Amino acid sequence: MMKAKDVALKTEDQLKADLVNLKKEAFNLRFQRASGQLENTARVRVVRRDIARIETSLRQKALVKA
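Because the structure is predicted, anything quoted here is derived from the model rather than measured. Here the residue index of a chain counts from 1 through its sequence in written order. Where local features are concerned, this predicted model is filtered to residues with pLDDT of at least 70; where side-chain atom pairs are given and counted, the filter is 80 or more; whole-chain, interface and lining totals use all residues. Note: side-chain values were computed over all heavy atoms of the structure, leaving out hydrogens and water.

(A) Structural detail: the nonpolar core. Remark: nonpolar core denotes a set of buried residues (Ala, Val, Leu, Ile, Met, Phe, Trp, Tyr, Cys) joined through side-chain atoms within 4.5 Å. The rule is simple: take the accessible area with a 1.4 Å probe, protein chains only, and divide by the maximum for that residue type; under 20% is buried, over 50% is exposed, in between is partly exposed. Of all hydrophobic cores here, the largest spans 13 residues; its most connected members are L22, V47, I51 and I54. Of all the secondary-structure elements, those providing two or more residues to this core are α2 (12-34) and α3 (42-65). Apart from residues lying up to four places away in sequence, I54 is in contact with M2, V7, L15, D18, L19 and L22. Think of it this way: any DSSP run of H or I at least four residues long counts as a helix, any run of E at least two long counts as a strand, and we number them from the N terminus. Any two residues having at least one pair of non-hydrogen atoms within 4.5 Å are treated as being in contact.

(B) Structural view of the environment of L9. Within the secondary structure, L9 sits in helix α1 (residues 4-9). Residue class for L9 comes out exposed when judged on its relative accessible area of 69%.

(C) Just the side chain of S57, in detail. Here S57 is to be found in helix α3. Filtering out sequence-adjacent residues up to four positions away, S57 remains in contact with V7, A8 and L15.

(D) The arrangement of α2 in detail. A helix is expected to span 1.5 Å for every residue after the first. An ideal rise of 1.5 Å per residue puts 33 Å on 23 residues; α2 measures up with 33 Å between its terminal C-alpha atoms. If you check which residues of α2 are buried, you get L15, D18, L19, L22, A26 and L29. Where α2 terminates, the next one or two residues include G36, which has phi positive at roughly 80 degrees.

Quick look at the structure:
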């Protein structure tokens, strides 16, 4: 789980790379859930929240630039 403070300290490129990785993980977790192979169900929630945290931070950085 990422903390908001950690996300705020990262650069845009780092955040975009993390976002890509988290979206891939979310995709894989959805498949695992659908096929009944998902063991850690809490991970889905953590990944979704981390994605939201990163997208919010990217949006804030974009608004500061504009």
